[in-house]
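# Summary of the model geometry
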Amino acid sequence: MLKILYCIYQVIIALPVTILMTIWTALLVGVGCTIGDGHYWGYYPGRWWARVITRVFLLPVKVEGHEHLEPNQSYVFVANHQGAFDIFLIYGFLGRNFKWMMKYQINKIPFVGYACRKSHQIMVDKRGVGKVRQTYEDARHILETGNCSVVVFPEGARSFTGHMGTFKKGAFALADELQLPVVPLTINGSFNVMPRMKDWHFATWHPLSLTIHQPVYPIGQGSQNIQATMNQAYDSVMSALVPEYQGFVENPDQ
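### Here we look at the overall build of the protein chain
When its secondary structure is counted, the protein chain shows 9 helices and 7 strands. Pairs at least 24 residues apart make up 76% of the contacts formed inside the protein chain by residues separated by at least 6 positions. Here the protein chain displays about 12,400 Å² of accessible surface, and carbon together with sulfur accounts for 62% of that area.

Below you can see the structure in the form of structure tokens.
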């Protein structure tokens, strides 16, 4: 009965609010970034958008580990990718100004793609060596020129099972080149709310949690540091997953 009531609530309240908030936020980001401070308008409206949507879906959120982050320090954040609500959880509750490294296909989503372009989110385009190189040039420029971080899902795609797949080296190579700390993030609950197999279906009520781990600082520079940082970040993310999703499961579209 509660599931039915929750679905009715989504139709009447949560989904209309989400649509209206998305349109309003996209326009606000576009106008703000055009006439004002892109560093501000490229982040804060998205943060409010994510917090409102999480709340309107009545999802409890628990965040641990903010004390591990230093003021005015740029980080490369890496997180497991459980489901669509990962975006709302990180955007709304990480509490740091950052840019996303996201698939270029997001450009095609109405309003969302517009806001991402105007706010200079980093589009990962793998359709050629030159485009891949440009992706990392954009990320490097952002990290070198201001108090801003990047958030990456190093698995490259959302999980089909809730378990973690393998990490790709791109984010860790970027951190190595700029000698920046990597901060692992563990997401729990997003797979239960809306896994990728149920995109555009009703959400299922489930608590969300975000664990911010201690930063992994470089121990040198080069391939050895990249591998060591990636291994340590992977182990940290895995350590905070709930028992149901512990252990490696290969993701077929990685």
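### Describing the packing of helix 3 (residues 44-56) against helix 4 (residues 85-93)
Their axes nearest at 7 Å, the elements helix 3 and helix 4 cross at an angle of 125 degrees. In terms of axis orientation, helix 3 runs oblique to helix 4. For the pair helix 3 and helix 4, the crossing hand works out as left-handed. Contact with helix 3, carried on its side by Gly46, Arg47, Trp49, Ala50, Arg51, Ile53, Thr54 and Arg55, involves Ile87, Phe88, Tyr91, Gly92 and Phe93 of helix 4 and no other residues of that element. Looking at the contact of helix 3 with helix 4 residue by residue, the class counts come to 7 nonpolar, 3 polar and 3 charged.

### Structural notes on the nonpolar core
Proteins that are soluble and globular tend to have nonpolar side chains buried together. The biggest cluster of nonpolar side chains holds 38 residues, and the ones touching the most others in it are Phe57, Ile90 and Leu185. Of all elements in the fold, only helix 1 (2-35), helix 3, strand 2 (76-79), helix 4, strand 3 (98-103), strand 6 (182-188) and strand 7 (208-212) reach the threshold of two or more residues within this core. Top element by residues in this core is helix 4. It accounts for 6 residues. Those residues in contact with phenylalanine 57 that lie beyond four places of it in its chain are Tyr6, Gln10, Ala14, Leu15, Thr18, Phe85, Ala203 and Trp205. Within the second largest apolar cluster, 26 residues are counted, among which are Val76, Met230, Ala233 and Met238.

### Remarks on helix 7 (residues 170-178)
Every buried residue belonging to helix 7 is among Ala171, Phe172, Leu174, Ala175, Asp176 and Leu178, and all of these are buried. Positive backbone phi, at 55 degrees, marks glutamine 179, one or two positions downstream of helix 7.

### Some thoughts on the sheet that holds strand 2
The mixed open sheet is built from 7 strands, whose spatial order is 1-7-6-2-5-3-4. The open sheet is flanked by strand 1 (61-64) and strand 4 (122-124), the only strands paired with a single partner. The sheet shows a mean angle of 20 degrees between the axes of neighbouring strands, taken without regard to direction. Sheet topology note: the strand 2/strand 5 (residues 149-152) ladder contains 3 bridges and is parallel. Across the sheet, the residue bridging to valine 76 is valine 150, located in strand 5. The strands touched by helix 9 (residues 223-239) are strand 2 and strand 6; relative to strand 6, the strand with the most contacts, the crossing angle is about 25 degrees.

### Details of empty space enclosed by the protein
On inspection of all chains with the given rule, the structure shows 1 cavity of 30 Å³ or more. Roughly 30 Å³ of internal volume is contained in the largest cavity. Lining the largest cavity, in full, are Phe172, Ala175, Asp176, Leu180, Val182, Val216, Tyr217, Pro218, Asn225 and Thr229. Of all the elements in the fold, those that place two or more residues in the lining of the largest cavity are helix 7 and helix 9. Looking at which element gives the most residues to the lining of the largest cavity, the answer is helix 7, with 3 residues. In terms of residue class, the lining of the largest cavity is built from 7 nonpolar, 2 polar and 1 charged.

Criteria and thresholds
- Residues numbered from 1 in each chain as written.
- Predicted model: local features only at pLDDT ≥ 70, side-chain atom pairs only at ≥ 80, totals over all residues.
- Heavy atoms only, no water.
- Helix = DSSP H or I, 4+ residues; strand = E, 2+ residues; numbered from the N terminus.
- Contact = heavy atoms within 4.5 Å.
- Areas by Shrake-Rupley, 256 points an atom, 1.4 Å probe, with all protein chains shown as cover.
- Axes fitted to C-alpha atoms, helices over the stretch in contact; angles between N-to-C directions.
- Parallel < 35°, antiparallel > 145°, perpendicular 65-115°, else oblique.
- Left-handed = near helix turned anticlockwise from the far one by under 90°.
- Nonpolar A, V, L, I, M, F, W, Y, C, P; charged D, E, K, R; others polar.
- Core = buried A, V, L, I, M, F, W, Y, C linked by side-chain atoms within 4.5 Å.
- Buried < 20%, exposed > 50% of the residue type's maximum accessible area, 1.4 Å probe, protein only.
- Pairing = 2+ DSSP bridges.
- 1 Å grid on protein atoms, 1.4 Å probe; cavity = no way out; pocket = protein on both sides within 12 Å on 5 of 7 lines; lining within 4 Å.
- Points joined across faces, edges and corners; volume = space filled by probe spheres on them.

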